[in-house]
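# Descriptive structure summary
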Amino acid sequence: MGNLWHMSEPTVYPEDLPDTNTVVRATAAGGPEVFESAQTPLPEPGPGQLLVTTAAAGVNFIETYQRSGVYPVDYPFVPGTEAAGRILAIGEGVEGYSLGQRVTTCEAATGTYASHFLVDAAKAVAVPDDITDEQAAALPLQGATAHYLINSTYRVSPGQTVLTHAGAGGVGQILTQLLKAKGARVITTTSTEQKAQIAQDAGADHVLGYENFAEEVLQITNGEGVAVVYDGVGKDTFAGSLKSLAVRGMLVLFGGASGQVPPFDLQELNKAGGLFVTRPALHWYLRNAEERTWRYTELFSALTNGDLTLNIGATYPLAEAGRAHEDLESRRTTGKLLLTP
Ligand SMILES: NC(=O)c1ccc[n+]([C@@H]2O[C@H](COP(=O)([O-])OP(=O)(O)OC[C@H]3O[C@@H](n4cnc5c(N)ncnc54)[C@H](OP(=O)(O)O)[C@@H]3O)[C@@H](O)[C@H]2O)c1
């Protein structure tokens, strides 16, 4: 069926291309029920692009914000920026990739809730042989996030005490493991006993509940507070996170799993000890090939040397993406969530 496209040479493609792409798309802003499965034309790789057959796609919190309308998108909308798979076709001008090679990405693709996706070859990441498809799909977004948070947003040093929320979550478990590998002391929060055990298994030194966590952090640190808080929970933890900081400490607000933080009076930072607050996002920390190579090289090496284990909390068939969102939003999940076509 290789006659689907009218591509100019030297695009490379095999003879047995499928006719269609199976996607899951949000038909309007709303709850998980707005998702539908659909068949759409197989996308054609433009210049510089790769067409990839999805082995597994990652589910991330940002897609719930896009589906629900917190982040504006045009509907119908196929979510997903993170997936791994094998190259099925290669666009004009791409060098260094071959058909069948495994790649992964979390930033240079769109619409990865699908059986096939396009990715900008310059930002795709070749998957080393000793990394499984599952690891390759699970690592990029949460792994690169944890990497930039502790190496670039606030560079954690050995011996420092750090507070990071939701320690049984996807980013939370990776953050804890990478922080421990750096020699930091990790305090984290979780909402249930079962999640507390998971956070502890990931290496957390102190696992707290959310109630009164700031007071407990001050006790653990002999009244000093921590140098940095990594807060992806947002609305419900923001005030306590500020209270947990040492003088001139930094609150890194990197998400809003409990809701977005409302407008805030900057004088509060002065009163609480000349604090810093930043609201980073991954794309500001994958700015060029050098940064990308640095982060992925360290992450792949952490996987192979045993510093990092990826905990796949659940894998759902692609058509059940709505159930994955429902579970993620209702705090039922731990670790990474994957979709398989
Ligand atoms: N800025 C960036 O670059 C970036 C990149 C990736 C992810 N993120 C953010 O990082 C955060 C974590 O992402 P993730 O994919 O790893 O998710 P996750 O941590 O696996 O899931 C979110 C967790 O947040 C906790 N939580 C606390 N209050 C909650 C509430 N009201 N509703 C739902 N969950 C609540 C839950 O753990 P407990 O039940 O234990 O509290 C829940 O399991 C998200 O806010 C996401 O947007 C940001």
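Note that this is a predicted model, so its numbers are computed, not measured.

Rules and cut-offs
- Residues numbered from 1 in each chain as written.
- Predicted model: local features only at pLDDT ≥ 70, side-chain atom pairs only at ≥ 80, totals over all residues.
- Heavy atoms only, no water.
- Buried < 20%, exposed > 50% of the residue type's maximum accessible area, 1.4 Å probe, protein only.
- Helix = DSSP H or I, 4+ residues; strand = E, 2+ residues; numbered from the N terminus.
- Contact = heavy atoms within 4.5 Å.
- Phe/Tyr/Trp six-rings, centres within 6.5 Å; stacked < 30°, edge-to-face > 60°.
- Pairing = 2+ DSSP bridges.
- Axes fitted to C-alpha atoms, helices over the stretch in contact; angles between N-to-C directions.
- Near = heavy atom within 4 Å.
- Polar contact = N/O pair within 3.5 Å; in protein donor to acceptor, adjacent residues only side chain to side chain.
- Areas by Shrake-Rupley, 256 points an atom, 1.4 Å probe, with all protein chains shown as cover.
- Nonpolar A, V, L, I, M, F, W, Y, C, P; charged D, E, K, R; others polar.
- Domains from an automatic or database assignment.
- Core = buried A, V, L, I, M, F, W, Y, C linked by side-chain atoms within 4.5 Å.
- Buried area = accessible area lost by both parts, 1.4 Å probe.
- Salt bridge = Lys/Arg side-chain N within 4 Å of Asp/Glu carboxyl O.

## Examining helix α10 (residues 321-329)
Taken residue by residue, α10 has Ala321, Gly322, Ala324, His325, Asp327 and Leu328 as its buried positions. Residues of α10 that are buried sit in contact with β1 (20-26), β2 (35-41), β3 (49-59), α1 (61-68), β14 (312-317) and β15 (336-340). With its phi angle positive at about 65 degrees, arginine 331 sits one or two positions after the end of α10.

## Section: the packing of aromatic side chains
Centre distance and the angle of the planes are the two values used to describe a pair of aromatic rings. According to the stated counting rule, one finds 6 aromatic pairs in the structure shown. For the ring pair phenylalanine 35 and tyrosine 113, a centre distance of 6.2 Å and an interplane angle of 55 degrees mean the geometry is tilted. Of this pair, phenylalanine 35 sits in strand β2 while tyrosine 113 sits in the loop between β5 (102-105) and β6 (116-120), and the two are 78 residues apart along the sequence. With respect to burial, phenylalanine 35 and tyrosine 113 carry one shared label: buried. Here the aromatic rings of tyrosine 296 and phenylalanine 300 are separated by 6.1 Å at their centres, their planes lie at 35 degrees, and the arrangement is tilted. Placement of both tyrosine 296 and phenylalanine 300 in helix α9 (residues 289-305) is noted, with a separation of 4 residues, approximately one turn of the helix. Under the relative-accessibility criterion, phenylalanine 300 is labelled buried at 10%. Taken together, the ring pairs in this structure connect Phe61, Tyr65 and Tyr71 into an aromatic cluster.

## What about the sheet that holds strand β9 (residues 185-189)?
Reading across the sheet, the 6 strands line up as β10-β9-β8-β11-β12-β13 and stay open at both edges, with parallel pairing between neighbours. Unpaired on one side and paired on the other, β10 (206-208) and β13 (276-278) mark the two borders of the sheet. The average angle at which neighbouring strand axes cross in this sheet is 15 degrees, direction not considered. Looking at chain direction, β9 and β10 are connected through 3 bridges and run parallel. When the sheet's bridge partners are listed, threonine 189 is paired in β10 with leucine 208. The sheet strands contacting helix α3 (residues 140-153) are β11 (226-231), β12 (245-253) and β13, and the helix crosses β12 at an angle near 145 degrees.

## Side note on the site of the ligand
Around the ligand, a shell composed of 29 residues is seen, among which Tyr148, Ser191, Lys195, Tyr210 and Gly232 lie nearest. Between the ligand and the protein, one listed contact pairs an oxygen atom with a side-chain N or O atom of serine 191 at 2.5 Å. Between the ligand and glycine 232 there is a distance of 2.7 Å, counted from an oxygen atom to a backbone nitrogen or oxygen. Relative to its free-state accessible area of 900 Å², the ligand is covered by the protein chains to the extent of 92%. Counting only elements with at least two residues in the shell around the ligand, the list comes to α1, α3, α4 (170-181) and α10. In terms of residue count, the dominant contributor to the shell around the ligand is α3 (4 residues). By residue class, the composition of the shell around the ligand is 14 nonpolar, 11 polar and 4 charged. Three or more residues apiece are contributed to the shell around the ligand by two domains, here domain 1 (2-139 + 310-340) and domain 2 (146-283).

## As for the nonpolar core
Counting residues in hydrophobic clusters, the biggest one holds 43 residues, and the most contacted among them are Leu149, Ile150, Val156, Leu175, Leu178, Tyr230 and Leu308. Mapped by element, the contributors of at least two residues to this core are α2 (133-138), α3, α4, β11, β12 and α9. A total of 6 residues in this core trace back to one element, the largest contributor, which is α3. Two domains each put at least three residues into this core: domain 1 (2-139 + 310-340) and domain 2 (146-283). Setting aside residues up to four positions removed in sequence, leucine 308 forms contacts with Leu139, Ile174, Gln177, Leu178, Leu299, Ala302 and Leu303. By size, the runner-up hydrophobic cluster in this structure holds 28 residues, among which are Leu50, Ala108, Ala109 and Ala321.

## A word on the domain arrangement of the protein chain
Once the domains are mapped, the protein chain shows domain 1 (2-139 + 310-340) and domain 2 (146-283). A straight line from the C-alpha centre of domain 1 to that of domain 2 covers 31 Å. Contact with domain 1, which involves 12 residues of that partner, is made by 15 residues of domain 2. Here domain 1 packs against domain 2, burying approximately 950 Å² in sum over the two surfaces, 52% of which is carbon and sulfur. Its largest share of buried area at the contact with domain 2, domain 1 owes to Tyr65, Arg331 and Thr334, together 43% of the area lost on that side. Counting every contact that joins domain 1 to domain 2 gives 0 salt bridges.

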